[in-house]
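Understanding the architecture of this molecule
Take a look at the letters that make up each chain.
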Amino acid sequence: MPAFSNHPAPARPRLEGDHWTELTATLSNESTEILGSWIDNELAKMQRKLDSFVSPNSLHKSLSRSR
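Predicted model, so just to flag it, every value in this text is computed and none were measured.

A tally of regular secondary structure across the protein chain gives 3 helices and 0 strands. What you see in the protein chain, going N to C, is helices and strands ordered as α-α-α. Counting the 67 residues in the protein chain, one finds 0% classified as buried. Carbon and sulfur atoms form 59% of the exposed surface of the protein chain, whose accessible area is close to 7,000 Å².

Moving on: a nonpolar patch on the surface. Residues Leu35, Trp38, Ile39, Leu43 and Met46 make up a contiguous nonpolar surface patch of about 510 Å² in total accessible area. Note that Met46 resides in helix H2 (residues 29-51). Overall, Met46 belongs to the partly exposed group, its relative accessible area being 47%.

Overall, the predicted model of the protein chain reaches an average pLDDT of 79, with 82% of residues at or above 70. The lowest-confidence element of the protein chain is helix H1 (residues 18-25), averaging 75 in pLDDT; the highest-confidence one is H2, averaging 91.

This paragraph deals with the environment of Thr32. For Thr32, the position within the fold is in helix H2. Exposure remark for Thr32: the relative accessible area of 37% places this residue in the partly exposed category.

The rules we used
Residues numbered from 1 in each chain as written. Predicted model: local features only at pLDDT ≥ 70, side-chain atom pairs only at ≥ 80, totals over all residues. Heavy atoms only, no water. Helix = DSSP H or I, 4+ residues; strand = E, 2+ residues; numbered from the N terminus. Buried < 20%, exposed > 50% of the residue type's maximum accessible area, 1.4 Å probe, protein only. Areas by Shrake-Rupley, 256 points an atom, 1.4 Å probe, with all protein chains shown as cover. Patch = residues over 30% accessible without salt bridge, like charges linked within 9 Å, V, L, I, M, F, W, Y side chains within 5 Å. Salt bridge = Lys/Arg side-chain N within 4 Å of Asp/Glu carboxyl O. pLDDT = per-residue confidence, 0-100.

Right, dumping it as structure tokens:
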């Protein structure tokens, strides 16, 4: 079986155009606030999990590279 098919890959979805406007117009302010809070909480959880991989030495190296 070949690894590649003759079918082109589907286009990546883009966050623009009428379909996005129609979708976001259907959401209430309350719904968007709930979603935003949920995303904030999930990101905070991920950051706490990732903090266990950061040592003072690796943080110092990372900060010195970014200058």
